Amino acid sequence: MPKQDTPQQVLAGLTSKNQFTKTGTTICGVICKNGVVLGADTRSTAGDIVMDKNCEKIHYIAPNIYCCGAGTAADTEYTTELISSQCKLHRYRTDRDTRVATAKTMLTRHLFQYQGHVSAALVLGGVDVLGPHLHTIYPHGSTDTLPFVAMGSGSLAAISMLEQGDADHQGWRPNMEVEEAVDLVKRAIHAGIFNDMGSGSNVDICVITKDEAGKIAADYRRNTDIANPRKYRRDVPYKLPATRLVEVNGDMDM
Amino acid sequence: MMLEGHDESFNENPKANGEVSLGTTIMAIRFDHGVVMAADSRTTTGSFIANRVTDKIYKVTDNIYCCRSGSAADTQAISDIVKANLTVHSLELGQPPAVNTAAKVFRSMCYKYRDQLSAGIIVGGVDSTGPHVYSIPLGGSVVEQPFSIGGSGSTYIYGYCDAHYRPGMSKEECIEFAKSCVALAMSRDGSSGGLIRLAVITPDGVERQVVTGIEQ
């Protein structure tokens with residue numbers, strides 16, 4: 001008769017194995033008319049504890065390229081900063097604006113080299129001479145190019161808003177106006193914030209567009225929506241009760 | 001290490017490492033003056049569909065395409081390297097490379113790193129000697145075949161393909177055959193689905209097609 005684990009042993013084994021592979025985050029991106037809109041929540045967790053209630057998950061790569069990161073915060077931070085500086089050197093060498101494909105290749109090569117041990121799941125978006133681009137990059141180094149994407153533990157909630165929308169709003173459709181797309185991304189991140197335990201707090205948005213003249217501008221809207229404000233807040237700062245001086249004994253040298 | 005079929009992994013925790021897989025149905029068929037390549041469009045991370053409109057038919061050179069199955073990261077990396085290699089080679093050669101050469105370059109990578117990689121590739125194309133289809137499964141072997149099927153969904157259509165394939169089919173017959181094979185596999189394999197993407201390679205060029213809706 002083979003040895004059977006008790007239910008308690010099985011459960012202990014499961015929790016210790018850290019089955020939670022998707023990371024506490026909701027990030028998403030959509031392509032709109034003339035540009036790209038990226039969005040992210042702002043909760044950073046260590047296990048069950050919220051470490052940073054208002055962290056920045058949208059990272060700068062180039063003036064025309066931004067990258068949302070899900071996964072281990074150190075890995076996403078380091079990888080995006082590394083590629084950002086590589087892109088800057090590349091701009092000096094080539095005397096041209098960075099293309100999204102360049103950033104994508106640099107990120108992919110780095111992640112593939114580490115065979116998935118660098119836990120960075122990224123949503124890379126930007127606008128270059130060839131137009132707007134949006135890519136997802138997985139920790140093992142594979143990429144997908146899509147018109148709308150979501151990553152992180154809240155991605156299932158976000159992607160449902162992007163695919164379908166809800167009773168009052170539509171999902172993604174081609175050639176959306178920029179503000180419509182911003183609204184859609186906000187709702188997708190909201191879905192993640194309120195339905196996923198790993199995501200929460202506020203919504204950050206980054207809009208990258210190209211105008212008729214061909215000038216590319218990025219508008220990083222930090223905390224564009226404060227979805228979870230601190231409800232109970234003292235209007236008056238707490239005043240410590242004054243210590244009453246009763247009697248002085250001797251010199252006051254401590 | 002995840003393989004194309006999901007059978008073994010179902011009992012353990014599938015894709016605990018979050019690796020993205022092309023649990024797939026791919027095929028390529030040779031006809032008198034060209035090759036039809038076909039693939040489904042589903043990429044999965046465990047049971048979540050990461051991309052439902054993937055293009056698994058990758059252009060290696062103007063006249064040579066490959067179908068990818070297995071690990072998405074591995075096949076994308078290999079395909080990029082082979083494409084770069086063959087581009088330089090064709091510049092040195094002064095003419096489009098042979099399909100045989102492409103297959104050999106794929107094989108050299110897939111065999112050398114066979115322990116670290118999870119990539120099943122079908123190479124198809126047309127060169128000066130005519131159309132060719134090469135199959136490079138997981139271990140890194142190469143075999144030329146009149147038609148080749150691959151991916152987790154292919155297991156469900158071996159019988160159908162063997163029964164219905166005839167040598168000397170026309171281009172249109174091959175396209176219909178490819179569509180019906182991939183559609184049948186998609187309807188039985190959970191890891192395959194979405195659209196059917198086709199690439200018809202002839203000496204005149206490449207025609208890409210998309211078929212939406214599984215019931216055709």
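Procedures and definitions
Residues numbered from 1 in each chain as written. Chains lettered and ligands numbered in written order. Predicted model: local features only at pLDDT ≥ 70, side-chain atom pairs only at ≥ 80, totals over all residues. Heavy atoms only, no water. Helix = DSSP H or I, 4+ residues; strand = E, 2+ residues; numbered from the N terminus. Buried < 20%, exposed > 50% of the residue type's maximum accessible area, 1.4 Å probe, protein only. Disulfide = S-S within 2.5 Å. UniProt positions renumbered as here; feature names shortened; annotations may be inferred. Contact = heavy atoms within 4.5 Å. Pairing = 2+ DSSP bridges. Axes fitted to C-alpha atoms, helices over the stretch in contact; angles between N-to-C directions. Expected span 1.5 Å × (residues − 1). Core = buried A, V, L, I, M, F, W, Y, C linked by side-chain atoms within 4.5 Å. Buried area = accessible area lost by both parts, 1.4 Å probe. Salt bridge = Lys/Arg side-chain N within 4 Å of Asp/Glu carboxyl O. Parallel < 35°, antiparallel > 145°, perpendicular 65-115°, else oblique. Left-handed = near helix turned anticlockwise from the far one by under 90°. Nonpolar A, V, L, I, M, F, W, Y, C, P; charged D, E, K, R; others polar. Phe/Tyr/Trp six-rings, centres within 6.5 Å; stacked < 30°, edge-to-face > 60°.

Asks: Please explain the environment of B:Ala39 as it appears in this structure.
Replies: Residue and element names in this part refer to chain B. On the secondary structure map, Ala-39 appears in strand 3 (residues 34-39). By relative accessible area, which is 0% here, Ala-39 ends up buried. Residues Ala-39 and Gly-151 lie 112 residues apart in sequence; the distance between their C-alpha atoms is 9.5 Å.

Asks: Help me understand the state of the cysteines in this model?
Replies: Simply put, the disulfide is a covalent bond whose two ends are the sulfur atoms of two cysteines. Counted according to the given criterion, the structure contains zero disulfides over all chains. This cysteine, A:Cys28, is not joined by any disulfide, and A:Cys68 carries the nearest cysteine sulfur, 7.4 Å off. The structure places no disulfide on B:Cys181, whose sulfur is separated from the nearest cysteine sulfur, that of B:Cys161, by 3.5 Å.

Asks: When you look at the UniProt feature "active site" (unreviewed entry) in chain A in this model, what are you seeing that I'm missing?
Replies: Residue and element names in this part refer to chain A. Here the UniProt-annotated "active site" (unreviewed entry) positions come out as Thr-25. Looking at the secondary structure, you find Thr-25 in the loop between helix 1 (7-16) and strand 1 (27-32). Residues within four places of Thr-25 in sequence aside, it is in contact with Asp-41, Lys-57, Gly-69, Ala-70, Met-151, Gly-152, Ser-153, Gly-154, Asp-196, Gly-198 and Ser-199.

Asks: How should I be thinking about the sheet that holds strand 13 (residues 205-211) of chain B in this particular structure?
Replies: Paired through their backbone hydrogen bonds, the strands of a sheet run either parallel or antiparallel. Residue and element names in this part refer to chain B. Spatially, 11-2-3-12-13 is the arrangement adopted by the five strands of the open sheet, whose pairing is antiparallel. With one partner strand each, in any of the chains shown, strand 11 (147-150) and strand 13 form the two edges of the open sheet. On average, adjacent strands in this sheet sit at an angle of 10 degrees to one another, irrespective of strand direction. Note: strand 3 against strand 12 (residues 196-202), five bridges, orientation antiparallel. In the sheet register, Val-36 faces strand 12, and the bridge partner there is Val-200. The sheet contacts of helix 5 (residues 171-188) involve strand 2 (26-31), strand 3, strand 12 and strand 13, and relative to strand 2 the element is tilted by about 165 degrees.

Asks: Explain helix 5 (residues 178-195) of chain A here, please?
Replies: Because the α-helix completes a turn every 3.6 residues, residues three or four places apart line up on one side. Residue and element names in this part refer to chain A. The end-to-end C-alpha separation of helix 5 is 26 Å, in line with the 26 Å expected for 18 residues at 1.5 Å each. Inspection of helix 5 places Ala-181, Val-182, Leu-184, Val-185, Arg-187, Ala-188, Ile-189, Ala-191, Gly-192 and Ile-193 among the buried residues, and these make up the whole buried set. On its buried face, helix 5 sits against strand 1, strand 2 (35-40), helix 4 (155-163), strand 11 (203-210) and strand 12 (216-225).

Asks: Could you clarify how one ought to interpret the UniProt feature "active site" (unreviewed entry) in chain B in this entry?
Replies: Within the UniProt annotation, "active site" (unreviewed entry) is assigned to B:Thr24. Classification of B:Thr24 by relative accessible area gives buried; the value is 0%.

Asks: Help me understand the nonpolar core in this model?
Replies: One recurring pattern in soluble globular proteins is that nonpolar side chains are buried together. Residue and element names in this part refer to chain A. Cys-28, Val-30, Val-37, Leu-162, Val-185 and Ile-205 are the most contacted members of the largest nonpolar core, which has 25 residues in total. Elements that contribute at least two residues to this core include exactly strand 1, strand 10 (148-151), helix 4, helix 5 and strand 11. The greatest single-element share of this core, amounting to eight residues, is contributed by helix 5. Dropping the residues within four chain positions of it, Ile-205 is found in contact with Val-37, Leu-38, Gly-39, Ile-58, Val-182, Val-185, Lys-186, Asp-219, Tyr-220, Arg-221 and Thr-224.

Asks: Explanation requested: helix 3 (residues 99-112) of chain B in the structure shown.
Replies: The terminal C-alpha atoms of helix 3 of chain B lie 20 Å apart, and with 14 residues this matches the ideal 20 Å at 1.5 Å per residue to within 8%. Buried residues belonging to helix 3 of chain B abut strand 6 (57-61), strand 7 (64-71), helix 2 (72-93), strand 8 (119-127) and strand 9 (130-136) of chain B.

Asks: Would you take a moment to explain the interface of chain B and chain A for this structure?
Replies: Accessible area lost on assembly of the parts is the figure often given for the size of an interface. Taken together, the contact pairs 21 residues of chain B with 16 residues of chain A. Counting each side, the surface lost to burial between chain B and chain A is near 1500 Å², with a carbon and sulfur contribution of 55%. Among the residues of chain B in contact with chain A, B:Phe48, B:Ala73 and B:Gln76 are the three that bury the most area, contributing 30% of the side total. The tally of links from chain B across to chain A stands at one salt bridge. For the salt bridge of A:Glu163 with B:Arg52, the shortest nitrogen-to-oxygen distance reads 2.5 Å.

Asks: I would appreciate a short explanation of the packing of helix 2 of chain B against helix 3 of chain B in the present structure.
Replies: The packing of two helices is summarised by the inter-axis angle and the distance between the axes. Residue and element names in this part refer to chain B. It is at 10 Å that the axes of helix 2 and helix 3 come closest, and there the two elements cross at 135 degrees. Overall, the two elements helix 2 and helix 3 adopt an arrangement that is oblique. The handedness of the crossing between helix 2 and helix 3 is right-handed. Contact residues: Ile-78, Ser-79, Ile-81, Val-82, Asn-85, Leu-86 and His-89 in helix 2; Thr-101, Ala-102, Val-105, Phe-106, Met-109 and Cys-110 in helix 3. Among the residues forming the contact of helix 2 with helix 3, the class breakdown is nine nonpolar, four polar and no charged.

Asks: Teacher, can you tell me more about the packing of aromatic side chains here?
Replies: When we look at a pair of aromatic rings, we describe it by the centre distance and by the angle of the planes. A full pass over the atoms with the stated rule returns seven aromatic pairs over all chains. Seen from their ring centres, A:Phe148 and A:Trp172 are 5.5 Å apart, and the 35 degrees between their planes marks the pair as tilted. Here A:Phe148, found in strand 10, pairs with A:Trp172, found in the loop between helix 4 and helix 5; they are 24 residues apart in sequence, far enough to count as distant. By the burial criterion, A:Phe148 is buried, and A:Trp172 matches it. Ring centres of B:Phe147 and B:Tyr165 lie 4.6 Å apart, and the angle between their planes is 40 degrees; on these two criteria the pair is classed as tilted. Taken together, the residues span a long stretch of sequence, with B:Phe147 in strand 11 and B:Tyr165 in the loop between helix 4 (158-164) and helix 5 at a distance of 18 residues. Residue B:Phe147 is classed as buried on the basis of its relative accessible area of 15%. Among the residues examined, B:Tyr165 registers a relative accessible area of 17% and is labelled buried.

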